[in-house]
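One-letter residues, chain by chain:
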Amino acid sequence: MVIKEQKELAEFRDLVMQPTLEALVKFGLDHHSPSQLNLPDGFWAYKYLCCTQEERRKFPFTSKPRLGVAIGNAIALMYAHIVWTNNSEKYQNKRINFRDALRFVQEMLNEYNPIENKSDLEQHEYHKTIASKFANNLHKAIKSLALVGEVESEANRYLNLGSDLDLLMRTDLENPTCVVEIKTLPPRRGKIKKDGTRGFSTQSVSQPKLDAARQTACYWAATKKKPFLVYVNEKEYKIFDPSNCDMLTERSMKDHLQYYKSKARTRERLMIQADGSPTKLLGLVSNDFESFYWDIGKDLVMKAKQLFKEAQ
């Protein structure tokens, strides 16, 4: 017994002293996530390794993601018996009806008023006119899945793919046998029409986007439940699963997991090489300031450009 305890203590001491974990601790990173791994390396390095939590809160939360959050949260309040909070706590949910869900959506959207951003204001005002259609289509989609048993929303799930840090995920909806990922497709902003109003066109999808399929694969691996990927716009909904989508077959999902494993281990090696220095790490990654990811506001971009310049 004594020998076993000494061996376990030695193994624990070796684990704590691993240079890998020490380097990750220096950066304050304690997990990966599918959404982080989907980001380009340059943007990820700046946002999560160079910015404080307070600075990250200043990153724009614009009309398109707001629409998705409002719709998704409202439907979760309709269907979920248990809802998890951002603090990883959970509570019993008193499920609401569809009328209250629509009211919830409008209340959430009314909290946002981007008067200093004309294009986002136009997008947001149009969203408010069609949000009920989104909610209705998502309601029909989830109802068609006939989720039996206790349903959870935003449940914390962990998965280790062979990297030093686990993946932390929050599932949109899941019951004892199914896990559901929801994606909204906001309309595209078009040109000014002859009558002076702004035109918008419906964004449709014929197959899942690769990032979404990869993310869904992680939920499947973490929960061991049948995955469903739901897309919704103002006109319709589409549901993808392993039976109707090549990107969600078991073989494909294992390939997605291998991709994330490689991405996670590569980033961990970058952090080890940088040894706690954000500037050094920025010098190890490529970056494209023309990417839409960098539409985060003038001040944050100026800081990023200065840091990347110093890293050269």
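Examining the overall build of the chain
Link 1 in the chain: From N to C terminus, the chain includes 12 helices and 11 strands.
Link 2 in the chain: Taken against the 2.2 N^0.38 rule, which gives 20 Å for 312 residues, the C-alpha radius of gyration of the chain at 22 Å falls within 12% of a compact globule.
Link 3 in the chain: Taking the principal axes of the C-alpha coordinates as reference, the chain spans close to 75 × 50 × 35 Å.
Link 4 in the chain: Out of the 312 residues belonging to the chain, those deemed buried represent 45%.
Link 5 in the chain: Long-range pairs, those at least 24 residues apart, make up 66% of the contacts in the chain with a sequence separation of at least 6.

What about the pattern of salt bridges?
Close approach of charged atoms lets side chains of opposite charge pair.
Link 1 in the chain: Following the criterion strictly, the structure yields 13 salt bridges and no others.
Link 2 in the chain: For E122, the salt bridge is made with R189, and the minimal N-O distance between the two is 2.7 Å. Highlighted residues: E122 in helix α8 (residues 118-145) and R189 in strand β8 (residues 188-192), separated in sequence by 67 residues.
Link 3 in the chain: In this structure R189 comes out as partly exposed when scored by relative accessible area, which is 35%.
Link 4 in the chain: Between K254 and E250 there is a salt bridge whose closest N-O contact spans 3.2 Å. Separated by four residues within a single helix, K254 and E250 lie in helix α10 (residues 250-274), roughly one turn from each other.
Link 5 in the chain: Of the residues examined, E250 reaches a relative accessible area of 47% and is grouped as partly exposed.

With respect to the packing of helix α9 (residues 210-223) against α10
Link 1 in the chain: Relative to each other, α9 and α10 sit at 95 degrees, their axes nearing to 9 Å. Taken together, the axes of α9 and α10 lie roughly perpendicular to each other. The segment α9 lies against α10, with L210, D211, A213, R214, Q215, A217, C218, W220 and A221 engaging E250, M253, K254, H256, L257, Y259 and Y260.
Link 2 in the chain: Classifying every residue of the contact of α9 with α10 gives 10 nonpolar, two polar and four charged.

Side note on the nonpolar core
Link 1 in the chain: Counting 31 residues, the largest nonpolar core has I71, L138, I142, L145, L173 and V180 as the members making the most contacts within it.
Link 2 in the chain: Among the elements of the structure, α6 (63-79), α7 (98-110), α8, β7 (178-184) and β10 (226-232) are those that each provide at least two residues to this core.
Link 3 in the chain: If sequence neighbours within four positions are ignored, L173 has contacts with A76, A80, I142, V151, E152, S153, C178, V179, V180 and I182.

Considerations on the environment of P187
Link 1 in the chain: Looking at where P187 falls in the secondary structure, it is placed in the loop between β7 and β8.
Link 2 in the chain: A relative accessible area of 0% means that P187 is categorised as buried.
Link 3 in the chain: For P187 and H256, which are 69 residues apart along the polypeptide, the C-alpha to C-alpha distance reads 28 Å.
Link 4 in the chain: Excluding anything up to four places from it in sequence, P187 contacts K64, Q123, Y126, H127, I130, F134, F200, S201, Q203 and E234.

A look at the packing of α6 against α8
Link 1 in the chain: Their axes nearest at 9 Å, the elements α6 and α8 cross at an angle of 30 degrees. For the element pair α6 / α8, the angle class is roughly parallel. In the crossing of α6 with α8, the sense of the turn from one axis to the other is right-handed. Residues S63, K64, L67, I71, G72, I75, M78 and Y79 of α6 form the contact with α8, whose participating residues are D120, Q123, H124, H127, A131, F134, A135, L138, H139, I142 and K143.
Link 2 in the chain: Residues of the contact of α6 with α8, tallied by class, amount to 10 nonpolar, six polar and three charged.

Let's talk about the pairing of strand β4 (residues 155-159)
Link 1 in the chain: Where burial is concerned, most of β4 is hidden: four out of the five residues are buried.
Link 2 in the chain: Judged from the five bridges that link them, β4 and strand β5 (residues 167-171) form a sheet pairing that is antiparallel. Following the sheet pairing, R157 is matched in β5 by M169.

Focus on helix α12 (residues 298-311)
Link 1 in the chain: Between the first and last C-alpha of α12 there are 20 Å, a value that for 14 residues agrees with the 20 Å anticipated at 1.5 Å per step.
Link 2 in the chain: Listed in full, the buried residues belonging to α12 are L300, V301, A304, L307, F308 and A311. All buried residues of α12 fall inside an arc of 125 degrees around its axis, so they share one side. What points out from α12, more than 90 degrees from its buried face, is the exposed set K298, D299, M302 and K309.
Link 3 in the chain: Looking at the buried side of α12, the elements it contacts are α4 (41-50), α5 (53-56) and α11 (278-282).

Regarding the pairing of strand β9 (residues 198-201)
Link 1 in the chain: With three bridges joining them, β8 and β9 adopt antiparallel strand pairing. Counted as the bridge partner of R188 is S201 from β9.
Link 2 in the chain: Hairpin connection, β8 to β9: the antiparallel pair is bridged by five residues, and G196 has positive phi, about 90 degrees.

Overview of the packing of aromatic side chains
Link 1 in the chain: Using the criterion set out here, one finds 12 aromatic pairs in the structure.
Link 2 in the chain: The interplanar angle of 40 degrees and the centroid separation of 5.5 Å between the aromatic rings of Y46 and W294 together place this pair among those described as tilted. Of the two residues, Y46 sits in helix α4 while W294 sits in the loop between α11 and α12, which places them 248 residues apart along the sequence. Take Y46 and W294: they sit in the same class, and that class is buried.
Link 3 in the chain: An aromatic cluster of three or more residues is present, and its members are F43, Y46, F59, F289, F292, Y293, W294 and F308.
Link 4 in the chain: When the ring centre of Y259 is taken as reference, the NZ or CZ atom of R214 above it lies at 3.5 Å.
Link 5 in the chain: If you follow K305 out to its NZ or CZ, it ends over the ring of F289, 5.6 Å from the centre.

Parameters and conventions
- Residues numbered from 1 in each chain as written.
- Predicted model: local features only at pLDDT ≥ 70, side-chain atom pairs only at ≥ 80, totals over all residues.
- Heavy atoms only, no water.
- Helix = DSSP H or I, 4+ residues; strand = E, 2+ residues; numbered from the N terminus.
- Rg over C-alpha atoms; globule rule 2.2 N^0.38 Å.
- Buried < 20%, exposed > 50% of the residue type's maximum accessible area, 1.4 Å probe, protein only.
- Contact = heavy atoms within 4.5 Å.
- Salt bridge = Lys/Arg side-chain N within 4 Å of Asp/Glu carboxyl O.
- Axes fitted to C-alpha atoms, helices over the stretch in contact; angles between N-to-C directions.
- Parallel < 35°, antiparallel > 145°, perpendicular 65-115°, else oblique.
- Nonpolar A, V, L, I, M, F, W, Y, C, P; charged D, E, K, R; others polar.
- Core = buried A, V, L, I, M, F, W, Y, C linked by side-chain atoms within 4.5 Å.
- Left-handed = near helix turned anticlockwise from the far one by under 90°.
- Pairing = 2+ DSSP bridges.
- Expected span 1.5 Å × (residues − 1).
- Arc of directions from axis to C-beta.
- Phe/Tyr/Trp six-rings, centres within 6.5 Å; stacked < 30°, edge-to-face > 60°.
- Lys NZ or Arg CZ within 6 Å of the ring centre and 35° of its normal.

So, to be careful, I would describe these as geometric facts and stop short of saying anything about function.
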